[in-house]
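Understanding the architecture of this molecule
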Amino acid sequence: MMAPSDRDAVSAAGGPERHVPVLLSEVLTRLDPKPEEVIIDGTFGAGGYTRAILERGASVIGIDRDPDAIAGGQGLVAEADGRLILVPGQFAGLETHARAEGFDGVDGVVLDLGVSSMQLDEADRGFSFLRDGPLDMRMEQAGPSAADVVNELPVRDLIRVIGLLGEEKRATTVAHAIDKARKDKPFSRTLELANLIEKVLGRSPKKAQIHPATRTFQALRIYVNGELHQAADALGAAERILKPGGRLVLVSFHSLEDRIVKRFFQDRTRTRGGGSRHMPEEEVPPATFELLTRKAVEAAAEETEQNPRARSAKLRAGRRTDAPARELDIHAAGVPRLAAFHGLGG
């Protein structure tokens, strides 16, 4: 449940009409920002987390790859009177951004790994099939769009993208239908694609409230924006930039992201290796984190009623030890290998 000050922060940061920061009270509890501390908000968005952190007396380095978010946050920069630095860029580079601003270590990192409701609500951004718009989905508003991927990616690679990133069981059917349709007319609008998928897959009576295009749109958005690569790289960057005792708090919205976060914390908090009477115990490097959440924290019923976006949210958090940071294999952490497309995938 949100404290009154947290509700005020939500309203001032853009209001419930635009974006409600998910699990705000739970994030603040684990992040525990204090005066004189420096916190990285790697997914600034509408500034909901940042404003609440500032109200606790800490300073914030806010990062966002969306130019609209950076422009929209300038009012909060002015209000913060020197305690908020806004940086345009990807959160995977949070260590680089912090060091460029003169910080060799920070006291906390928070990441909301989901797509912003501001982006979903803007038809011209092309993230949603609920309203017609250009088939875009680019958070940075630069680089290959979802339309480029849909129209040009070889069908075998399109099957893997939709199957792995969308967890769509009928990915082969969807990809071949797209391939057949794009030969007659390239896709350019969200509803063109959504309507095709609905026609091919139909609607399940048991899941009538879930649009058949949901998983394909998720897959395209994740692929276009490299979201899983970003998440894994950000975990490694946070490990390197956090001071001993620094807190890392992550909120994820689907199983692919949460799996990466969970595996990271399992690996980084492990103190004993496997072994048996036939095999010696594996040598394990010193743990770089200690868990602040033994299992994923989910939103209470009251929050999900007020903010449906919170229903799928899961929060995991850890505290940095003084052990040296380690190399991170993003594929071992759960990032699938996918075909490259003009800088995407890999």
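As a reminder, the structure under discussion sits directly above these lines.
Calculation criteria
Residues numbered from 1 in each chain as written. Predicted model: local features only at pLDDT ≥ 70, side-chain atom pairs only at ≥ 80, totals over all residues. Heavy atoms only, no water. Axes fitted to C-alpha atoms, helices over the stretch in contact; angles between N-to-C directions. Helix = DSSP H or I, 4+ residues; strand = E, 2+ residues; numbered from the N terminus. Parallel < 35°, antiparallel > 145°, perpendicular 65-115°, else oblique. Left-handed = near helix turned anticlockwise from the far one by under 90°. Contact = heavy atoms within 4.5 Å. Nonpolar A, V, L, I, M, F, W, Y, C, P; charged D, E, K, R; others polar. Core = buried A, V, L, I, M, F, W, Y, C linked by side-chain atoms within 4.5 Å. Buried < 20%, exposed > 50% of the residue type's maximum accessible area, 1.4 Å probe, protein only. Pairing = 2+ DSSP bridges. Salt bridge = Lys/Arg side-chain N within 4 Å of Asp/Glu carboxyl O. Expected span 1.5 Å × (residues − 1). Arc of directions from axis to C-beta. Right-handed = clockwise from strand over helix to strand, strands pointing away.

**Some points on the packing of helix α13 (residues 227-241) against helix α14 (residues 255-268)**
Geometrically, a packed helix pair is captured by the angle between its two axes and the distance between the axes. Direction vectors running N to C along α13 and α14 enclose 25°, while the axes themselves pass 10 Å from each other. The pairing of α13 with α14 is recorded here as roughly parallel in orientation. Of the two possible hands of crossing, α13 and α14 adopt the one that is right-handed. Of the residues in α14, those touching α13 at Glu-227, Leu-228, Ala-232, Leu-235 and Glu-239 are Leu-256, Glu-257, Ile-260, Val-261, Phe-264 and Arg-268. Among the residues forming the contact of α13 with α14, the class breakdown is seven nonpolar, no polar and four charged.

**Quick notes on the nonpolar core**
Core analysis: the largest hydrophobic core is formed by 64 residues, its most contacted members being Leu-94, Val-109 and Leu-248. Broken down by element, this core gets its largest block of residues, eight residues, from α13. Excluding residues within four positions of it along the chain, Val-109 makes contact with Leu-31, Ile-40, Leu-94, Ala-238, Ile-241, Leu-242, Arg-247, Leu-248 and Val-249. Residues Leu-23, Leu-24, Leu-84 and Val-249 belong to the second largest nonpolar core, which totals 29 residues.

**So, the packing of helix α9 (residues 155-165) against helix α12 (residues 214-225)**
Axis separation between α9 and α12 bottoms out at 8 Å; the angle between their running directions is 105°. The orientation of α9 with respect to α12, classified from their angle, is roughly perpendicular. Along its contact with α9, which presents Val-161, Ile-162 and Leu-165, the element α12 presents Thr-216, Gln-218, Ala-219, Ile-222 and Tyr-223. Across the contact of α9 with α12, the residue classes break down as six nonpolar, two polar and no charged.

**Here we look at the sheet that holds strand β6 (residues 289-291)**
With respect to topology, seven strands assemble into an open sheet ordered β3-β2-β1-β4-β5-β7-β6, the strand pairing being mixed. Looking along the sheet, the strands with just one partner apiece sit at the ends: β3 (84-88) and β6. Going from strand to strand, the sheet's axes swing by 20° on average, the running direction of each strand aside. Here β6 pairs with strand β7 (residues 314-320) via three bridges, running antiparallel. Within β7, the residue paired with Phe-289 across the bridge is Arg-320. Running at roughly 155° to strand β5 (residues 242-252), α13 makes contact with β1 (38-41), β4 (106-112), β5, β6 and β7 of the sheet. Across the sheet, α14 is in contact with β5, β6 and β7; its angle to β7 comes to roughly 25°.

**What about the pattern of salt bridges?**
Per the counting criterion, the structure on display carries 22 salt bridges. The partner of Glu-37 in a salt bridge is Arg-247, and the shortest N-O contact between them spans 2.7 Å. Highlighted residues: Glu-37 in the loop between α2 (24-31) and β1 and Arg-247 in strand β5, separated in sequence by 210 residues. The class of Glu-37 is buried, set by a relative accessible area of 12%. The buried category is assigned to Arg-247, whose relative accessible area is 7%.

**Describing helix α11 (residues 190-201)**
An ideal rise of 1.5 Å per residue puts 16 Å on twelve residues; α11 measures up with 17 Å between its terminal C-alpha atoms. Looking at α11, one finds that the buried residues are Thr-190, Leu-193, Ala-194, Leu-196, Ile-197 and Leu-201. Along the axis of α11, the buried positions cluster into a sector of 160°, meaning they face one direction only. For α11, the elements touching its buried residues are α8 (146-152), α10 (171-184) and α12.

**Brief notes about unusual backbone geometry**
One non-glycine residue, Asp-32, adopts positive backbone phi at about 50°. Even without glycine at this site, Glu-167 takes up a positive phi of about 50°. Relative to the assigned elements, Glu-167 resides in the loop between α9 and α10. Glu-167 gets classed as partly exposed once you look at its relative accessible area, which sits at 31%.

**Remarks on the pairing of β1**
A two-sided burial pattern is seen for β1, the buried positions comprising Val-38 and Ile-40 on one face and Ile-39 and Asp-41 on the other. Chirality of the crossover, the property in question, places the unit of β1, helix α3 (residues 48-55) and strand β2 (residues 59-64) among those that are right-handed. Taken together, the three bridges between β1 and β4 define a ladder with parallel strand orientation. Across the sheet, Ile-39 pairs through a bridge with Gly-108, a residue of β4.

**Looking at the environment of Ala-175**
By the element assignment, Ala-175 lies in helix α10. A relative accessible area of 0% means that Ala-175 is categorised as buried. Separated by 22 residues in sequence, Ala-175 and Ile-197 have C-alpha atoms that sit 9.4 Å apart. Among residues more than four places away in sequence, those in contact with Ala-175 are Val-155, Leu-158, Ile-159 and Ile-162.

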